[in-house]
Amino acid sequence: MATEYKLRMGDGKRLFMTKEQIVADLKEGMADAADLGDIPDLSEDEIDKLVEIITMPSRMVGVEQGMEVPVTHDIGTIRIDGDQGNSGVGIPASRLVGAMMHERAFGADTMELGHIDYSYKPAKPVIAQEMQTMEVCQQNMIVPLLYGAMPNMGLYYTPDGPFENPGDLMKAFKIDEARESMEHSAKHLTRDIVWIMQRMMASGSDGVNFDTIGAAGDGDMYASLHAIESLRKQFPDIYIEAGMAGELLLGMHGELEYDGTVLAGLWPHQQAALVAKAGANVFGPVVNTNTSKSSAWNLGRAVTFIKQAVKDSTIPCHVNMGMGVGGIPMLETPTVDAVSRASKAMVEIAGVDGI
Amino acid sequence: MSNEEMFKQLSDAIVSCKKDAVLAAVEKARDEGIPPAEIIEKGLAAGMNEVGVLFERGKLFLPHVMMAAGAMEAGVALLEEDMPKDAASKKLGIIVNGTVEGDVHDIGKSIVSTMLQSAGFEVHDIGRDVPLQDFIDKVKETNADMVGLSALMTTTLQGQKDVIEMLKEQGMRDGVKVMVGGAPATEAWANKIGADCYAENASEAVTKAKELLL
């Protein structure tokens, strides 16, 4: 009987596969990425290396010495005390304590201050509190501390915002009106992000993290790129991290452009150039996990996409690794066997600059 | 022009998402004596299937899907007078779709509704953060064949299970298929709570709805 190795499905379920089955799934996932993104396959050596990582007997694996990369945390300040279905662990602690724990105990190389609502728009009415907290954190910390939130353009649509919901308009075949609504929302979103960051920079922030750009489609990306551009002009030394929401930029509008490029339908390696052009320092590409496929399939696919993003990007790539992204299963607290293997593969094969 | 070439022209017109091109192609096909049912099935519907494939591959997007669906609707309307009564307006099935109570995520669910509608289903999108009883009431009111339950948070997934239990309690479960979706939902979760299917994305939602209802 052939030796079987322990893997996981994309939903986290335990799975046993032979080496031949692992190779077949790796190649199938790789081929899917290569086909969708019109990008090259991995080499046979890289496939072999992936097999080696997946089949390592240790429960947890790490990168080879000398290949360590920086790790950046989003929402980390509230990961300690958060207990509302947001992957927090529910330990009473202030945001300052959360940030300092990440800096001094968990080895985070940069940190982020985020509000519990974690979108830019709801930070507006509590801006004074955010500024005060940023100042206190900066007085107590050494690692770069960014302010971060999700652009989340959906909050500008009814019932949360002033503009008619494009989803409703679209279903009524009011396509032009839906597009107008997105364009108006994008302008407001850009304005709000810039307004918030002007104040956070005045409070000592080292920079900004755009978390989950494109969650509301191409309009979300459009607004974020313009906000990045504006912030770069206003604060030449600001550190800007631009992380994506998903692998494919959904065309909710379909015709929005940045720098002459249509945003809808861009894959990670194509997103990288625009993020750099807008003025970001770091690009955070995402590849989504398919819960119905094995971790071998997902990892083969994710590494293929991210390797090309790293190759095409003119700025460092800090790949998103966590629940349901980067070849990691969709579990609220992803298992260490899957997280460490996927992370090792991203560093050693895709060549990411950070996580 | 052969019938096959005509079907290709109809299909291409749908993929172009241009109503004028679709209407012109339908007129031409009708003039060539092709039966309306074939114009729809082998030309227009084939084109919509191609639109679905291009959507899945990130080559066409929601507005394009809607424009193509609008163009198809106009094309079908043009053929209505040649068709038996009610044949043109026949829907594939009735689906109630919404995001469960406590969960305000809207966009993914709306894309699913739009794709199902474009594929020919009668869709009643009852919104987001929907009280669970509203799903039951709407299914009764519309005599729906399927209910779609979206949840984007691990804390609201339970709502999908609760709706299934409520359907059972009211003796409605056998007559209604249940589809679940949303980021934390999985095939295993769907099996565990007794849903009829799980859809990974909007295109898969259409495919599975067709499998279950047609």
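About the thresholds
Residues numbered from 1 in each chain as written. Chains lettered and ligands numbered in written order. Predicted model: local features only at pLDDT ≥ 70, side-chain atom pairs only at ≥ 80, totals over all residues. Heavy atoms only, no water. Helix = DSSP H or I, 4+ residues; strand = E, 2+ residues; numbered from the N terminus. Rg over C-alpha atoms; globule rule 2.2 N^0.38 Å. Buried < 20%, exposed > 50% of the residue type's maximum accessible area, 1.4 Å probe, protein only. Contact = heavy atoms within 4.5 Å. Areas by Shrake-Rupley, 256 points an atom, 1.4 Å probe, with all protein chains shown as cover. Salt bridge = Lys/Arg side-chain N within 4 Å of Asp/Glu carboxyl O. Pairing = 2+ DSSP bridges. Axes fitted to C-alpha atoms, helices over the stretch in contact; angles between N-to-C directions. Parallel < 35°, antiparallel > 145°, perpendicular 65-115°, else oblique. Left-handed = near helix turned anticlockwise from the far one by under 90°. Nonpolar A, V, L, I, M, F, W, Y, C, P; charged D, E, K, R; others polar. Polar contact = N/O pair within 3.5 Å; in protein donor to acceptor, adjacent residues only side chain to side chain. Patch = residues over 30% accessible without salt bridge, like charges linked within 9 Å, V, L, I, M, F, W, Y side chains within 5 Å. Lys, Arg positive; Asp, Glu negative; His and termini not counted. Charge placed at Lys NZ, Arg CZ, Asp CG, Glu CD. Right-handed = clockwise from strand over helix to strand, strands pointing away. Expected span 1.5 Å × (residues − 1). Phe/Tyr/Trp six-rings, centres within 6.5 Å; stacked < 30°, edge-to-face > 60°.

### Examining the overall build of chain A
No. 1: Each helix and strand counted, chain A has eleven helices and nine strands in total.
No. 2: Against the globule reference of 20 Å for 355 residues, chain A gives a C-alpha radius of gyration of 20 Å, in line with a compact fold.
No. 3: Overall, chain A is about 65 × 50 × 35 Å in size when its C-alpha atoms are taken along their principal axes.
No. 4: The burial tally for chain A puts 59% of its 355 residues in the buried class.
No. 5: Contacts spanning at least 24 positions in sequence make up 72% of the contacts within chain A whose residues lie at least 6 apart.
No. 6: By element, 52% of the accessible surface of chain A is carried by carbon and sulfur atoms, the whole surface being about 14,100 Å².

### Regarding the overall build of chain B
No. 1: Scanning chain B for helices and strands turns up nine helices and five strands.
No. 2: Secondary structure of chain B in N-to-C order comes out as α-α-α-α-β-α-β-α-β-α-β-α-β-α.
No. 3: Here the C-alpha atoms of chain B give a radius of gyration of 19 Å, agreeing with the 17 Å that 2.2 N^0.38 yields for 214 residues.
No. 4: Viewed in the frame of its principal axes, chain B has a C-alpha envelope of about 55 × 35 × 25 Å.
No. 5: Looking at chain B residue by residue over its 214 residues, the buried ones come to 50%.
No. 6: In chain B, 71% of the contacts between residues at least 6 apart in sequence involve partners at least 24 apart.
No. 7: About 9,400 Å² of surface is accessible on chain B, with carbon and sulfur atoms providing 50% of the total.

### Quick look at the pattern of salt bridges
No. 1: Enumeration over the complete set of coordinates arrives at 29 salt bridges over all chains.
No. 2: Between Arg57(B) and Asp35(A) there is a salt bridge, with its nearest N and O atoms 2.8 Å apart. Of this pair, Arg57(B) sits in the loop between α3 (36–56) and α4 (62–79) while Asp35(A) sits in helix α1 (residues 19–37), placing the two residues on different chains.
No. 3: Note that Lys208(B) is salt-bridged to Glu187(B), the shortest N-O span being 3.8 Å. Within this pair, whereas Lys208(B) is found in helix α9 (residues 202–213), its partner Glu187(B) is found in helix α8 (residues 187–193), the two being separated by 21 residues in sequence.
No. 4: Connected through salt bridges with shared partners, the residues Lys49(A), Glu64(A), Lys344(A) and Glu348(A) form a single ionic network.

### Side note on the sheet that holds strand β5 (residues 197–198) of chain B
All names here are of chain B.
No. 1: Ordered by their spatial adjacency, five strands build an open sheet running β2-β1-β3-β4-β5, and the pairing between neighbours is parallel. A single partner strand is all that each edge strand has here, and the edge strands are β2 (122–125) and β5.
No. 2: Here five bridges tie strand β3 (residues 146–150) to strand β4 (residues 177–181), and the two strands are oriented parallel to one another. Looking at the pairing, Ser-150 lines up with Gly-181 of β4.
No. 3: Along the sheet, α9 contacts β1 (94–99), β3, β4 and β5; its crossing angle with β4, the most-contacted strand, is approximately 165 degrees.

### Things to note about the packing of helix α9 (residues 268–278) of chain A against helix α10 (residues 295–312) of chain A
Residue and element names in this part refer to chain A.
No. 1: Where α9 meets α10, the axes come as close as 8 Å, and the angle between the chain directions of the two elements is 30 degrees. Classified by the angle their axes make, α9 and α10 are roughly parallel. Considering the relative orientation of α9 and α10, their crossing is right-handed. In this structure, α9 contributes Pro-268, His-269 and Ala-272 to the contact, and α10 contributes Phe-305, Gln-308, Ala-309 and Asp-312.
No. 2: Residue composition of the contact of α9 with α10, grouped by class: four nonpolar, two polar and one charged.

### Quick word on the interface of chain A and chain B
No. 1: At the interface, 34 residues of chain A touch 30 residues of chain B.
No. 2: Linking chain A with chain B are two salt bridges, by the criterion used here.
No. 3: At the junction of chain A with chain B, the criterion picks out four residue pairs in polar contact (both at pLDDT 80 or more).
No. 4: Breaking the side of chain A that touches chain B down by element, the ones donating at least two residues are α1, α6 (166–171) and α7 (175–202) of chain A.
No. 5: By residue class, the composition of the side of chain A that touches chain B is 15 nonpolar, twelve polar and seven charged.

### Structural notes on a negative patch on the surface
No. 1: Together, Glu164(A), Asp176(A), Glu177(A), Glu180(A) and Glu183(A) make up a negatively charged patch on the protein surface.
No. 2: Classification of Asp176(A) as exposed rests on a relative accessible area of 52%.

### Observations regarding the pairing of strand β6 (residues 239–244) of chain A
All names here are of chain A.
No. 1: In terms of residue burial, β6 counts as a mostly covered element, since five of its six residues are buried.
No. 2: Pairing between strand β5 (residues 207–213) and β6: five bridges, direction parallel. Its bridge partner lying in β6, Asn-209 is registered against Glu-241.
No. 3: After leaving β5, the chain enters helix α8 (residues 218–234) and then returns to the sheet as β6, a path that is right-handed.
No. 4: Looking at chain direction, β6 and strand β9 (residues 282–284) are connected through three bridges and run parallel. Directly across from Ala-242, in β9, lies its bridge partner Phe-283.

### Some thoughts on helix α5 (residues 107–118) of chain B
No. 1: In this model, α5(B) (twelve residues) spans 16 Å end to end at C-alpha, consistent with the 16 Å of a helix rising 1.5 Å per residue.
No. 2: At the exit of α5(B) stands Gly120(B), carrying a positive phi of roughly 110 degrees.

### Points about the packing of aromatic side chains
Residue and element names in this part refer to chain A.
No. 1: One pass over the full model with this rule turns up two aromatic pairs over all chains.
No. 2: Centroid distance Tyr-120 to Phe-210: 6.0 Å. Interplanar angle 45 degrees. Geometry classified as tilted. Placement of Tyr-120 in helix α4 (residues 120–123) and of Phe-210 in strand β5 is noted, with a sequence separation of 90 residues between them.
No. 3: Take Phe-210: its relative accessible area is 0%, and that puts it in the buried class.
No. 4: Relative to Phe-305, the ring of Trp-267 has its centre 5.2 Å away and its plane inclined at 15 degrees; by these criteria the two rings are stacked.

### Description of unusual backbone geometry
No. 1: Of the consecutive residues Thr158(A) and Pro159(A), the connecting peptide bond is found in the cis state with omega at 5 degrees.
No. 2: Mapped onto the elements, Pro159(A) comes out in the loop between β4 (145–149) and α6.
No. 3: A positive phi is found at Asp259(A), a non-glycine position, where the angle reads about 55 degrees.
No. 4: As for its position among the elements, Asp259(A) is in the loop between β7 (257–258) and β8 (261–262).
No. 5: Although it is not a glycine, Cys17(B) sits at a positive phi angle of roughly 65 degrees.
No. 6: Topologically, Cys17(B) is positioned in the loop between α1 (3–15) and α2 (19–31).

### Considering the environment of Gly204(A)
No. 1: In this structure, Gly204(A) sits in the loop between α7 and β5.
No. 2: With residues near it in sequence (within four places) discarded, Gly204(A) still touches Met134(A) and Gln138(A).

Function-wise, these values are silent; they only describe arrangement.
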